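# Notes for the structure review
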Amino acid sequence: MRIRFVLAPHMQVNMRLPWVLGRLRKLLPLIVLAILLFMFYSISSRPTPKTAPSLPSPPTPASLINHWVIVSIGSGDICSSLASEFFHWTILLVSVKTVPKHGHSRCIFLSDDDLSLMSQRYSVESLKPIAAAYIYAISHGAEIIYTPSPDGDFSSLQRPPNPLLSRNYWGLVFSANASFDAALHFGCKADRWRNRSSYLLSRSYIPAIHTPAVMESSVTEKCPTLEPPVTVSEGSYVDMRLEGSTFTRDAFWALPVSDVLKDEADTTNWSYYVQWLLWKTGRSVRVHWDGVSRKKVTDQYVNITPDYDVTLRKCDSIGFESCAVTVASRLSAKDKLKSALEEWFTALKRSAYSFPDIVHSKTSHSISSSSSNDTSVLFYPAEFFLPSVLNSRTQRFFMPVANLNISRKLFGETCGRRRQIVLPTRQSFTWEISVDFSRPWHQFHDVLLLIVFNVAHYDVIPYLEILYRSFFPNILYCGPTIPDLKVFPVLEGYRFSFVTHDQRTEDKIPGSLNYECLIKAILMRYQVDGYLVIADDLLLLINQLVHFPRNVVWYLPRSELRVADLTTLRECRLDMCDFYPHWHWWEDYVAETLKLLRIFRDEQWSSPVVHRCYSELVRLNGAESRANGGYSDVYYIPSRLAEDFADLAQMFLREKIFLEIAVPTIIRCLELPEDIHALRGKSVWELDRDQPWKYFVRSQLFEKVYLHPTKWSGLVNDSVPELVSLYCDYVIPFQFDPYARFKM
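Residues numbered from 1 in each chain as written. Predicted model: local features only at pLDDT ≥ 70, side-chain atom pairs only at ≥ 80, totals over all residues. Heavy atoms only, no water.

## As for a nonpolar patch on the surface
To be explicit about the condition: A patch is a set of surface residues, each over 30% in relative accessible area and not in a salt bridge, joined within 9 Å for like charges and within 5 Å for the nonpolar side chains Val, Leu, Ile, Met, Phe, Trp and Tyr. Computed with a 1.4 Å probe, the accessible areas rest on the Shrake-Rupley method; for each residue, only the protein chains presented here act as cover. Any carboxyl oxygen of Asp or Glu within 4 Å of a side-chain nitrogen of Lys or Arg constitutes a salt bridge here. Here a strand is any run of E in DSSP of at least two residues, a helix any run of H or I of at least four, and the numbering for each starts at the N terminus. Burial classification: accessible surface area is computed with a 1.4 Å probe over protein chains only, and a residue below 20% of its type maximum counts as buried, one above 50% as exposed, and the rest as partly exposed.
Taken together, the side chains of Leu 27, Leu 28, Leu 30, Ile 31, Val 32, Ile 35, Leu 36, Phe 38 and Met 39 present a nonpolar region at the surface, about 860 Å² in accessible area. In this structure, Leu 28 sits in helix H1 (residues 9–44). With relative accessibility at 47%, the residue Leu 28 sits in the partly exposed group.

## Some remarks on the packing of helix H4 (residues 130–139) against helix H9 (residues 336–350)
Filter applied, for reference: Axes here mean lines fitted to C-alpha atoms, for a helix over just the part in contact, with angles spanning 0 to 180 degrees between N-to-C directions. Any angle from 65 to 115 degrees is called roughly perpendicular, while one under 35 is roughly parallel, one over 145 is roughly antiparallel, and all others are oblique. Left-handed describes a crossing in which the near helix is turned anticlockwise from the far one by less than a right angle; the clockwise case is right-handed. Working rule for contacts: check all heavy atoms of both residues, and any pair within 4.5 Å makes them a contact. Basically, the charged four are Asp, Glu, Lys and Arg, the nonpolar ten are Ala, Val, Leu, Ile, Met, Phe, Trp, Tyr, Cys and Pro, and anything else, Gly included, counts as polar.
At a minimum axis distance of 10 Å, the contact between H4 and H9 shows a crossing angle of 25°. Classified by the angle between their axes, H4 and H9 sit roughly parallel to one another. Here the hand of the crossing between H4 and H9 comes out right-handed. Residue-level inspection shows Ala 131, Tyr 134, Ile 135 and Ile 138 of H4 in contact with H9, the latter providing Trp 344, Ala 347 and Leu 348. For the contact of H4 with H9, the class distribution of residues is seven nonpolar, no polar and no charged.

## Remarks on the environment of Val 452
Along the polypeptide, Val 452 turns up in strand S16 (residues 447–452). Look at Val 452 and you get buried, because its relative accessible area is 3%. Distance from Val 452 to Tyr 477, taken between C-alpha atoms, is 6.1 Å for residues 25 residues apart in sequence. Discounting chain neighbours no more than four positions away, the residues touching Val 452 are Cys 478, His 501, Asn 514, Cys 517, Val 533, Ile 534, Ala 535 and Asp 536.

## Notes on a negative patch on the surface
Which entries qualify depends on this criterion: Under the counting rule used here, the positive set is Lys and Arg, the negative set is Asp and Glu, and His together with the chain ends is not counted. Working definition for charges: the position is that of NZ of Lys, CZ of Arg, CG of Asp or CD of Glu.
Together, Glu 506, Asp 507, Glu 587 and Asp 588 give the surface a local cluster of negative charge. Examined against the element boundaries, Glu 587 turns out to sit in helix H14 (residues 585–588).

## Quick look at the confidence of the model for the protein chain
Detailed reading of the predicted model is not advised wherever pLDDT is low. Formally: By definition, pLDDT measures how confident the predictor is in each residue, and it falls between 0 and 100.
Averaged over all residues, the pLDDT of the protein chain is 81; the fraction at 70 or higher stands at 77%. Under a pLDDT of 50 for its full length, residues 304–308 has, in the predicted model, 11 contacts with residues more than four places off or in other chains. In the predicted structure, residues 362–370 sits below a pLDDT of 50 and forms 18 contacts with residues beyond four places in sequence or in another chain.

## Comments concerning the packing of aromatic side chains
Here is the rule we go by: Between the rings of Phe, Tyr and Trp (Trp by its six-membered ring), a pair exists once the centres lie within 6.5 Å; its type follows the angle of the planes, with under 30 degrees stacked, over 60 edge-to-face, and the other angles tilted.
Under the defined criterion, the tally for this structure stands at 37 aromatic pairs. Ring geometry for Tyr 463 against Tyr 727: centres 5.9 Å apart, planes inclined by 85°, an arrangement best described as edge-to-face. A residue pair is termed long-range when its members are at least 10 positions apart, and Tyr 463 in helix H11 (residues 461–468) and Tyr 727 in helix H20 (residues 721–735) qualify at 264 residues. Judged by its relative accessible area of 8%, Tyr 463 falls in the buried class. An aromatic cluster of three or more residues is present, and its members are Phe 252, Trp 253, Phe 320, Phe 345, Tyr 353 and Phe 355.

## Looking at the pairing of strand S12 (residues 284–288)
Note the cut-off: A pair of strands is treated as paired once DSSP finds two or more bridges between them.
The buried fraction of S12 is high, at five of five residues. The alternating pattern of S12 places Ser 284, Arg 286 and His 288 on one face and Val 285 and Val 287 on the opposite face, and all of these are buried. Bridging between strand S8 (residues 207–212) and S12 involves five bridges; their strand directions are parallel. Considered in S12, the bridge of Thr 211 is made with Val 287.

## Looking at the state of the cysteines
Cut-off, in case you're wondering: Our working definition of a disulfide is a cysteine sulfur pair at a distance within 2.5 Å.
Following the criterion strictly, the structure yields five disulfides and no others. In this model, Cys 478 is linked to Cys 517 through a disulfide, with the two sulfur atoms separated by 2.0 Å. Given an S-S torsion of about -75°, the disulfide between Cys 478 and Cys 517 has left-handed geometry. With Cys 478 in strand S17 (residues 475–479) and Cys 517 in helix H12 (residues 516–524), the pair connects residues that are 39 residues apart, well separated along the chain.

## Details of the sheet that holds strand S13 (residues 375–377)
Strands in a sheet are paired, the pairing made by backbone hydrogen bonds, and the direction either parallel or antiparallel. A sheet is described by the order of its strands in space; here 11 strands give the open sequence S3-S2-S1-S4-S11-S8-S12-S9-S5-S7-S13, paired in mixed fashion. The open sheet is flanked by strand S3 (107–110) and S13, the only strands paired with a single partner. Averaged over all neighbouring strand pairs, the angle between strand axes comes to 25°, with direction disregarded. Pairing of S8 with strand S11 (residues 246–248) involves two bridges; the strand directions are antiparallel. Each bridged residue has a counterpart across the sheet, and for Ile 209 the counterpart in S11 is Phe 247. Across the sheet, helix H3 (residues 112–122) touches strand S2 (90–94) and S3, and the angle it forms with S3 is around 80°. Packed onto the sheet, H12 meets strand S5 (171–174), strand S7 (199–202) and S13 and runs at close to 105° relative to S7.

This is how it looks when you write it as C-alpha cells:
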C-alpha cells in the first residue's frame, strides 16, 4: 500500500523560492549586460543635429595650438585629412552644415548660426561672418592664422611654408624701389632686369604676411616651385591677394577688411594700403610660390597717399589705429572702409589684441639703413619660362637650360676649330656621341649645385656652365667677392646667381671658412631636396650620382673620416687614440675646436640641435674632447638636415674653425655613419697634380664621382692645349654619355 503526502500550497511556494532565487543569481550578469546594451543602443541611435546647437568650446589648453587654419566649408568630414596635414595646428571649420560623428581633437566646428551669434557678441555684424571666426581664433590665443583661398581644393590643402613667426629671420630680400614682379623672380617669364644689385641676404626684415605669388596662368604652365621665397622691402610693392595668405599676430588687423571691398580698383588699393601700414610698423610681406596661378590685378601700384608728407607726419604722432583710419579715408571716398576698420578695431580691442606700434620715420627700416650683416646677392632664376624639352631616350621632360646659346657659342669657339691632341697617357680615342646641351640624359632639377671659389678665378664660370648647367638647372656660385664685369668681361651676357663668403681664419688661408657659402644658400631657402657643394677646381662626374638617394648625406667613405683626441693631438683608429696624425690642421685649430666643444657641453640643454650634436659626438667618437676631420671639397646635405646644419655651422664659423674640421664634425652630429652615402673620388696630391689629363683614365676613375684638382683656368685663351683637349675631347663627351664610364 502506497502512502502519498500532499503539501499545502503555501508550503510548495516556500520550497520553490530558494531554487528561483538561485537561478536569478546566475542570470543577473546577463540581465545587467542586456540593460546596458539597450541603453547604449538607445543613445547611439539618436539623430545627430545638423547644426552645432551652441558655441563650441576650444580644445583644452594642453592641446590648443597657436597656429590656426580657418576654412569655410559645408561639410566637416574633411577634418581628419586636414588634421593629418596640419600637424600641431588648430583647425577651425566655419559654415559647417554637417558635423561628423568622429572628428578630431584639434578640429572646431562653427555653423552659420554660430557665426551669426558670434557676430552679435563681438559687434561685427556689418562685416562678413568670417570676421567673427577670426575674432574667435584671436581671443583663444592664435599667433598664426592661415586663410586658404575659398576656390581651392581643401582635400589637397598643404601647410604654408615656414618659418612663419613674427621675428627677424634670414632670407632673400628684394630691395629695389620698384613693383616686385613675381613671375620674374620665380622664373616664369623672360628676365628683362638689368639691375644686378636688387637682392640682399638679410635678417633685418620681419615678415608679417606670407602671401602666395600672383601671376597670370599663361606664364605659370611649366613654372616649378624651386626658387626661394622673397621678402619685399620698404618701397617695393607686390601685387597680392589676402586670400590664401598667412598672417602673423602683427598683421591680424589686416584680416577681414578686404572682404568689404567689391570693385577691383579698391581691391588693388587695399593690397598696397596693407603694405604701407606694415612698413609703418617695421614689418614686411614675404612672397612664396605655391604652384597655383592667380590673375594679376595691375602691374602698376597706386599711390595711396597723395599728400604723403602730411600723412607721414600725422601718423608719426598718433597711434596705429588712428593712422590706419586716416589713411583709409584717403584711400576711398566711401565711408564703408573707414567704418569697417573702426568696427573691426573695436572688436580686436575687446579680444585683448595689442596693436603694433608705429615706427617713427627716423628709425624706420629702409634700404639705406639695412644691417651691416646684410650681403648683396646676385639672383637670377633658372629660365623656366620656356617650354620643357623632351628627352628622346628616356621620354622625360626637362627644364630649359640657362645660358644655352652663349654656352653653345663658347663651346664651338673652344672646341670646334682645332686639331685633337692625343694625350700622353691615352691612345687615339673617339666617344662617338653628339653633345646636345638642351637635352641632357639626366637632370638634377631638385638639387641646388653650389660651386665654391676659394680665389676669384671667375673667368672659368663660362666653362663650368657648359659642364654642369644642362644637368643642374639650379646653380649658385659663391666666392670671396661679387664678380665685376669690368674685371671679367667674359661674364657679359651670362645669367647666374652668386653669393659671397666673407669670413677667414686668422692665418688668412683663402677659402678656409667657405662653408659659409652653404650657410647662405640654406638661408636663401631654395625649395629643393638638397644642396650639393663642390669646389670650382673639382670635376664632378655625373654618371654615378644619378642613383644616389636624395634624403641622406653624401660624404667621404667611413674609412677616410678622421677622429682625433684634441687633448693629446693623436688620431683614433680601432678604438686606440695613439696614432700620430700627420695632419697639421689639428694642431692649428685645437684651441678653437676645444672651445666650441665646451660651448656645446654648456649649452646642450638650451638647444635641441646642440644637445643632439654633442650627444652624438660623444657617443660616436668615444669621448668629449674628440672631433672629426676630412676632405671637404665635395659633399651633399639633404633639406631635412639643412636648417640644423646651418645653425651648427654658424657656431663653427663664429669660432673660425677650419673647413675640413667643421664640415665632417657637423655631419657626424647629424647623420649616422651607416646612413651616409660614400662619395668615392680621385684626389691628386703628387707633383703632377696640375696635369689632370694623366688621371682621366679608367684605372683611376672607374666607379668614382670626382677628380680633384682640375684647374680650368688653362682653358682661357687656349693657354694649355692638353687641358683644352681633355675638356673638349674627353670630359664633355663623358658627361653627356650615360654609358661613358664603361667606354674609358
